[in-house]
Amino acid sequence: MTNDNQAARAAYYAKIETTDMSPLWTTTLVQPEPKEFVRSVPHLWDFDGELRDLLIEAGGLISAHEANRRVLSLENPGLDKPPRILESLYAGLQMILPGECAPAHKHSPSALRFIIQGEGAWTAVSGEKSYMAPGDFIITPSMTWHDHGHDGEEPFFWMDGLDIPMVAAFGPMFFEAYPEDRAPQHRPPGDSLARYGANMAPVGESWAKPESPIFHYPYDRSRSALEDLRKNEEWDPYQGIKLEYIDPTTGGSAMPTMSTFLQLLPKGFKTEQYRTTENTVFSPVEGTGRIIVGEAGAAKSIEWKPRDIFAVPCWAPYRLEADEDAVLFSYTDRTAQVKLGLWREQRGNA
Ligand code: GTQ
């Protein structure tokens, strides 16, 4: 390259700097592997050791009503604000105190609740009220009215999982507060589970929405399914026994943008190395163990216990080890990636 050409290039780059354009050939917009692109890092938030106390402290400072939602958002140390637990997923820890009201609203992001601790709190989704218990999985579909209340005696905690970063990437973010604290309840408690939760469906009724007509999946049912399957000894070397929460009208994921799972690892089980393009948020319900996560040479071991929340970024290799019988809830962006033709997995090192 001649000096003339070099000078001409430099002048060109200086000129293009002043425009709304940039030369693709000086950037690395498209990367060969996620590991050079994904900024989030594997990370764990300790509920009993830190999160719970910080939420209780917030409870002395602000009511659920004033806060609208009294939530501590989980911020991945590798990502900038706005808060995200992983590139495509939001997670927060919410607390409601006895007698409080988290007022009715709706929004375009889809939300899931995974109940961490407490008794006596309820949620109302699309006009149906339901009492929540630890281990329960609840969906709040896009643009459906929801409010939360608490008739019990102790603080009540759940994890919120939302697809906020996906909605933000596309742009269609909408939020609306209901004019009153409570949205009207127009269906009896248990209605959706009665209609669609018995492997049956109401004759003459059709369901065309992108989410499951069941909005509350109680822990005892899911847990006993895992227990019954234990008898088959069909352990997947990469995930133990793992069930997905589904929309019974399609067999697909319960929500259109996020996939949700409950998995059993028996005492002493060690999974083989696995990786997937899914962004994954785990919350153990029972048992203790560890995750060994990261590229060979840079892998770290993170100990987990019930009520913790830990995040595994896209394409990070990991192994799970259970010291006791362990049950883990997880939510991911799998269904969105599948629909977009992006999802991959790698079992073992092949
Ligand atoms: O329940 O509406 O943790 O909109 C973050 C954003 C909960 C909710 C969060 C939200 C919500």
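Above: the structure in question.
These lines cover the structure that appears in this document, whether it is placed above or below. Remember, predicted model here, so these are calculated numbers, not experimental data.

A look at the pattern of salt bridges
The full count for this structure, using the stated rule, is 24 salt bridges. When the shortest N-O distance is used, the salt bridge between R187 and E128 registers 3.4 Å. Taken together, the residues R187 in the loop between β11 (175–177) and α5 (191–196) and E128 in strand β7 (residues 128–131) connect sequence positions 59 residues apart. Accessibility expressed as a relative area gives 26% for R187, which makes it partly exposed. Residue E128 is classed as buried on the basis of its relative accessible area, which comes to 2%. Here D147 and R182 are joined by a salt bridge, their closest N and O atoms 3.1 Å apart. In this pair, D147 sits in strand β9 (residues 146–150) while R182 sits in the loop between β11 and α5, placing the two residues 35 residues apart along the sequence. You can call D147 buried: its relative accessible area is 1%. Here the residues in one salt-bridge network are E128, R187, D191, R195 and E205, joined through shared partners.

A closer look at the environment of M258
Relative to the assigned elements, M258 resides in the loop between β13 (241–244) and β14 (259–265). Spatially, the C-alpha atom of M258 lies 29 Å from that of I56, the residues being 202 residues apart in sequence. In this structure, M258 is in contact with L89, S110, L112, G161, L162, D163, M166, S253, Y331, T332 and T335, ignoring residues within four places of it in sequence.

Quick look at the nonpolar core
Residues I85, L93, F137, M159, V281, F329 and Y331 are the most contacted members of the largest nonpolar core, which totals 47 residues. Discounting chain neighbours no more than four positions away, the residues touching F329 are L112, F114, F137, M159, Y245, T260, F261, L262, V281, F282, S283 and V285. Among the nonpolar cores identified, the runner-up in size contains 18 residues, and L44, L265, W304 and L328 belong to it.

Regarding the packing of aromatic side chains
The tally for this structure, following the rule as stated, stands at 18 aromatic pairs. Geometrically, the ring pair formed by F137 and F329 is tilted, given 5.7 Å between the ring centres and 40 degrees between the ring planes. One end of the pair, F137, is in strand β8 (residues 137–140); the other, F329, is in strand β21 (residues 326–332), and 192 residues separate them in sequence. Across the pair, F329 and F137 agree in class, each one buried. Aromatic side chains F282 and F310 sit 5.0 Å apart centroid to centroid with 25 degrees between the ring planes, which places their arrangement in the stacked category. One end of the pair, F282, is in strand β16 (residues 280–286); the other, F310, is in strand β19 (residues 309–312), and 28 residues separate them in sequence. A single burial state applies to F282 and to F310, both of which are buried. Positioned above the aromatic ring of W122 is the side chain of K129, whose terminal nitrogen or guanidinium carbon lies 4.3 Å from the ring centre.

Description of the site of the ligand
Lining the immediate surroundings of the ligand are R69, V71, Y90, H105, H107, R113, H146, D160 and L162. One of the side-chain nitrogen or oxygen atoms of R69 is found 3.5 Å away from an oxygen atom of the ligand. The separation between an oxygen atom of the ligand and a polar side-chain atom of D160 is 2.8 Å. For the ligand, whose unbound accessible area comes to 290 Å², protein coverage reaches 85%. Sorting the residues of the shell around the ligand by element identifies β4 (101–107) and β10 (156–162) as the ones contributing at least two each.

What counts, and where the lines are drawn
- Residues numbered from 1 in each chain as written.
- Predicted model: local features only at pLDDT ≥ 70, side-chain atom pairs only at ≥ 80, totals over all residues.
- Heavy atoms only, no water.
- Salt bridge = Lys/Arg side-chain N within 4 Å of Asp/Glu carboxyl O.
- Helix = DSSP H or I, 4+ residues; strand = E, 2+ residues; numbered from the N terminus.
- Buried < 20%, exposed > 50% of the residue type's maximum accessible area, 1.4 Å probe, protein only.
- Contact = heavy atoms within 4.5 Å.
- Core = buried A, V, L, I, M, F, W, Y, C linked by side-chain atoms within 4.5 Å.
- Phe/Tyr/Trp six-rings, centres within 6.5 Å; stacked < 30°, edge-to-face > 60°.
- Lys NZ or Arg CZ within 6 Å of the ring centre and 35° of its normal.
- Near = heavy atom within 4 Å.
- Polar contact = N/O pair within 3.5 Å; in protein donor to acceptor, adjacent residues only side chain to side chain.
- Areas by Shrake-Rupley, 256 points an atom, 1.4 Å probe, with all protein chains shown as cover.

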